[in-house]
Amino acid sequence: MANDPLSQTFAALADPTRRAILVRLAQGQATVNEVAEPFEMSLQAVSKHLKALEAAGLISRGHDAQYRPCHFEPAPLEAASSWITTNQRVWTERFDQLEQHLKRMRHDQKKEKE
Amino acid sequence: MMNDAPTELGELTITRIFEARPKVVFECMTTPAHLTHFWGPVGTSTPLEGITVEPRPGGRFETVMVNDETGDKYPMRGVFVEFDPPRTFSFTEADVAGGMTTSIVFNDLGDGRTETVTHQTNVPQMLMSPEAQAGLETSFVKFDAYLATL
């Protein structure tokens, strides 16, 4: 598995439970117990998901040894989102220009025939 | 004409129709002398000397886009997976987002026009689980809406 930040973000987001956890944390910080509440899984399983999200930089944990509340960190998502947008823009503009190029080619061919 | 839709998070499909036959469009997309005229997006250029096309599976497909203002260079290092003119070609870029594959299919519309369907899978590892794919778009839309409020 690739280790670049973008791949880590996408890999962390590939799991539906982790996305649900992020949606919850996007509304405000929460403890592991609070995060686990809506899910039918063990605290241990939820902790594992939180660790994966933390490794991808999508959440941070507080230092309070007892509660360690989880915070949503939007930066990696912004990077992923902006990468997708930029990539889409590049291809769209590339094809716009190919269209112009084909037009010029047709124009030149016409001229040659005249 | 175009119809852009982010099909899944990290995937992209762009459908376009060009006023030329598949042979011509395919040639434009795979010939350096043509590519130099349109490959770089607005604000960049793609000098001919930076373009390498080895038209066969396993061959190199490389370009260097140069920012017109700053001179910054954006190299692309691809390797052809398929090369089947004028029907389709695909290439992988090992150094982008953990390995990205782009495939372009050229459909003959029979009236002198060509429909191209460009499909990119950016993040192969997230495609390993089918259930991981389901609902990705929905949550991405949600996150996008959230990010817009920041």
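Owing to the predicted nature of the structure, the values given are computational and were not obtained by experimental measurement. (Residues numbered from 1 in each chain as written. Chains lettered and ligands numbered in written order. Predicted model: local features only at pLDDT ≥ 70, side-chain atom pairs only at ≥ 80, totals over all residues. Heavy atoms only, no water.)

1. As for the pairing of strand β9 (residues 114-121) of chain B
Residue and element names in this part refer to chain B.
In step 1: Both strand β8 (residues 100-108) and β9 contribute to a ladder of eight bridges, which runs antiparallel. Across the sheet, I104 pairs through a bridge with T118, a residue of β9.
In step 2: Count of turn residues in the β8/β9 antiparallel hairpin: five residues, of which G110 carries a positive phi of about 80 degrees. (Pairing = 2+ DSSP bridges. Helix = DSSP H or I, 4+ residues; strand = E, 2+ residues; numbered from the N terminus.)

2. Section: the confidence of the model for chain A
In step 1: Confidence in the prediction of chain A, expressed as mean pLDDT, is 84, and 95% of residues score 70 or more.
In step 2: Within chain A, the element-level pLDDT minimum falls on helix α1 (residues 5-13) of chain A, averaging 78, and the maximum on helix α4 (residues 43-55) of chain A, averaging 93. (pLDDT = per-residue confidence, 0-100.)

3. Remarks on the packing of helix α2 (residues 16-26) of chain A against α4 of chain A
Residues and elements named next belong to chain A.
In step 1: Here α2 crosses α4 at 75 degrees, and the two axes come no closer than 10 Å. Here α4 runs roughly perpendicular to α2, going by the angle between their axes. The segment α2 lies against α4, with T17, R18, I21 and L22 engaging H49, L50, A52 and L53. (Axes fitted to C-alpha atoms, helices over the stretch in contact; angles between N-to-C directions. Parallel < 35°, antiparallel > 145°, perpendicular 65-115°, else oblique. Contact = heavy atoms within 4.5 Å.)

4. Digging into the packing of aromatic side chains
Residue and element names in this part refer to chain B.
In step 1: One pass over the full model with this rule turns up 15 aromatic pairs over all chains.
In step 2: Summarising the aromatic geometry, the rings of F26 and F83 are spaced 5.3 Å apart at their centres and angled 80 degrees between planes, so their arrangement reads as edge-to-face. Note that F26 is positioned in helix α1 (residues 22-30) and F83 in strand β6 (residues 73-84), a separation of 57 residues in sequence. Note on accessibility: F26 and F83 belong to one class, buried. (Phe/Tyr/Trp six-rings, centres within 6.5 Å; stacked < 30°, edge-to-face > 60°. Buried < 20%, exposed > 50% of the residue type's maximum accessible area, 1.4 Å probe, protein only.)

5. A look at unusual backbone geometry
In step 1: A cis geometry characterises the amide bond from P85 of chain B onward to P86 of chain B, with omega recorded as -5 degrees.
In step 2: The residue P86 of chain B is located in the loop between β6 and β7 (88-93) in this model.

6. Comments concerning the side chain of T88 of chain B
All names here are of chain B.
In step 1: Inspection of the secondary structure puts T88 in strand β7.
In step 2: At 2.9 Å, the side chain of T88 and the backbone oxygen of I104 are in polar contact.
In step 3: Setting aside its immediate chain neighbours within four residues, T88 contacts F26, E82, F83, I104, V105 and F106. (Polar contact = N/O pair within 3.5 Å; in protein donor to acceptor, adjacent residues only side chain to side chain.)

7. Notes on the pattern of salt bridges
A side chain with one charge may pair with a side chain of the opposite charge, provided their charged atoms come close.
Residues and elements named next belong to chain B.
In step 1: Summed over the entire model, instances satisfying the criterion amount to nine salt bridges over all chains.
In step 2: Here R56 ties to E54 by a salt bridge, and the two come within 3.5 Å at their closest N and O atoms.
In step 3: In this structure, E54 and R60 form a salt bridge, with 3.2 Å as the shortest nitrogen-oxygen distance.
In step 4: In this structure, a network of salt bridges that share partners links the residues E54, R56, R60 and E62. (Salt bridge = Lys/Arg side-chain N within 4 Å of Asp/Glu carboxyl O.)

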